[in-house]
Amino acid sequence: MSRNRKKRCFSVGRFSALAFLVAGVVIQPVPAAVTGLRLVPPPVWEDMASRYNNPNSGINRGTLRIIDKQASPQGGWLTIQVVGDKLDPDHRSCPPGSLETVKFSWTFLQDASVIMVGGPHLKFNFEIERSFSGQPCRLLDNNPLMCVDGGYFTPNRGSNHCYFFDSSRVPAPPAAGAYYPNPFEIWKTDADDRPKQFFYIVMRASNAALELDLGMEMHVTYTYDPFSGPPPAPPKPTPPVVTPPPPPV
């Protein structure tokens, strides 16, 4: 066999081996870039005292009870009630039968079902209301507050981004734990493809002198999964139920 023919045979053999190796490689498609995050319903509530097994929290001791709570892409609320005559006798500062109610609420200024990367900021307002039944007792006098923690998101006010019931009792921004006015906001600038990205809202109430008896901290977490492409279409509104008129007599 001539030398040229040997070279040609070697080249063909090398090409065949290379083609065999390439054919055995599974070429992974390049994933599409993340363009937004979709809410994983429903938002999840958590009693932090129970999480850390605190037997002296107000909920565990029965001095504080949750009346109702709700969380949705439009906002939500938590209503708690302090039961005065459930307090220890030596700590009683509320007449028997008196009740104190605190309602924490938040309202998103746009639907929170989808957050687009680099898109409009998700803005929301906090509100805290207090009311009394019977004689005032003000057992939760340690200034109830609401905060937002970005988790995987960027909050607009750093690490101290809280709203207090009584803004006159806290230092002016930017001091630690400072009061901030509405609206609050968070946003997403990086195309992070990790699942279960979240932010959460904190609701806290306590009494400085009786914190072990009345302390409460609830979190509600909004969790999101990433998606690629255009934003999903909003859910179709539920048509109203039309009651037909009664038949003529």
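Residues numbered from 1 in each chain as written. Predicted model: local features only at pLDDT ≥ 70, side-chain atom pairs only at ≥ 80, totals over all residues. Heavy atoms only, no water.

## Observations concerning the confidence of the model for the chain
Overall, the predicted model of the chain reaches an average pLDDT of 75, with 62% of residues at or above 70. Predicted confidence in the chain is weakest over helix H1 (residues 3–23), with a mean pLDDT of 49, and strongest over strand E1 (residues 36–39), with 93. Here residues 6–12 is a poorly scored stretch, pLDDT under 50, and it has 2 contacts once near neighbours within four places are set aside; other chains count. Low pLDDT, under 50, characterises residues 18–22; the stretch is placed with 0 contacts to residues that sit more than four places away or in other chains. (pLDDT = per-residue confidence, 0-100. Helix = DSSP H or I, 4+ residues; strand = E, 2+ residues; numbered from the N terminus. Contact = heavy atoms within 4.5 Å.)

## Overview of the state of the cysteines
A complete count under the given rule lists 1 disulfide for this structure. Here Cys147 connects covalently by a disulfide to Cys162, the sulfurs 2.0 Å from one another. Between Cys147 and Cys162, the S-S dihedral sits near 100°, and the bridge is therefore right-handed. Here Cys147, found in strand E8 (residues 145–149), pairs with Cys162, found in strand E10 (residues 162–164); they are 15 residues apart in sequence, far enough to count as distant. The same class applies to Cys147 and to Cys162, which are both buried. (Disulfide = S-S within 2.5 Å. Buried < 20%, exposed > 50% of the residue type's maximum accessible area, 1.4 Å probe, protein only.)

## A few points about the packing of aromatic side chains
A complete count under the given rule lists 14 aromatic pairs for this structure. Pairing Phe108 with Tyr222 gives two aromatic rings, centres 5.4 Å apart and planes at 85°, and the pair type is edge-to-face. One end of the pair, Phe108, is in strand E5 (residues 99–108); the other, Tyr222, is in strand E13 (residues 216–227), with 114 residues separating them in the sequence. With respect to burial, Phe108 and Tyr222 carry one shared label: buried. Judged by centre distance (6.1 Å) and plane angle (25°), the ring pair of Phe199 and Tyr224 falls under stacked. Placement of Phe199 in strand E12 (residues 197–205) and of Tyr224 in strand E13 is noted, with a sequence separation of 25 residues between them. For the pair Phe199 and Tyr224, a shared accessibility class is recorded, and that class is buried. Taken together, Phe108, Phe124, Phe126, Phe153, Tyr163, Phe184, Phe199, Tyr222 and Tyr224 form an aromatic cluster joined through their ring pairs. Above the plane of the ring of Trp77 lies Lys103, whose end atom (NZ or CZ) is 5.3 Å from the centre. The side chain of Arg130 reaches across the aromatic face of Phe165, ending 5.2 Å from its centre. (Phe/Tyr/Trp six-rings, centres within 6.5 Å; stacked < 30°, edge-to-face > 60°. Lys NZ or Arg CZ within 6 Å of the ring centre and 35° of its normal.)

## Re the pattern of salt bridges
For the structure shown, the criterion picks out 5 salt bridges. Residue Asp225 is joined to Lys196 by a salt bridge in which the shortest nitrogen-to-oxygen separation is 3.2 Å. In this pair, Asp225 sits in strand E13 while Lys196 sits in the loop between strand E11 (184–187) and E12, placing the two residues 29 residues apart along the sequence. Linking Glu217 and Arg204 is a salt bridge whose minimum nitrogen-to-oxygen distance equals 2.9 Å. Note that Glu217 is positioned in strand E13 and Arg204 in strand E12, a separation of 13 residues in sequence. (Salt bridge = Lys/Arg side-chain N within 4 Å of Asp/Glu carboxyl O.)

## Points about the pairing of E13
Burial of E13 is extensive: 9 of the 12 residues sit out of reach of the surface. As paired strands, E1 and E13 are joined by 4 bridges and run antiparallel to one another. Looking at the pairing, Leu39 lines up with Tyr224 of E13. Bridging between strand E2 (residues 44–47) and E13 involves 4 bridges; their strand directions are antiparallel. Across the sheet, Glu46 pairs through a bridge with His219, a residue of E13. Strand direction decides the pairing type here: E12 and E13, joined by 9 bridges, are antiparallel. (Pairing = 2+ DSSP bridges.)

## Points about the sheet that holds E11
Strands sit in the order E3-E4-E5-E7-E11-E9 across an open sheet of 6 strands; the sheet is antiparallel. Strand pairing shows two members of the sheet lacking a second neighbour, strand E3 (64–72) and strand E9 (154–155), which therefore form its edges. Direction of pairing for strand E7 (residues 122–133) relative to E11: antiparallel, over a ladder of 3 bridges. Looking at E11, one finds that Phe124 is bridged to Phe184.

## Looking at the side chain of Gln197
One can find Gln197 in strand E12. Here Lys188 takes part through its side chain, which lies 2.8 Å from a polar atom of the side chain of Gln197. If sequence neighbours within four positions are ignored, Gln197 has contacts with Leu37, Tyr152, Phe153, Lys188, Asp192, Tyr222, Thr223, Tyr224 and Pro226. (Polar contact = N/O pair within 3.5 Å; in protein donor to acceptor, adjacent residues only side chain to side chain.)

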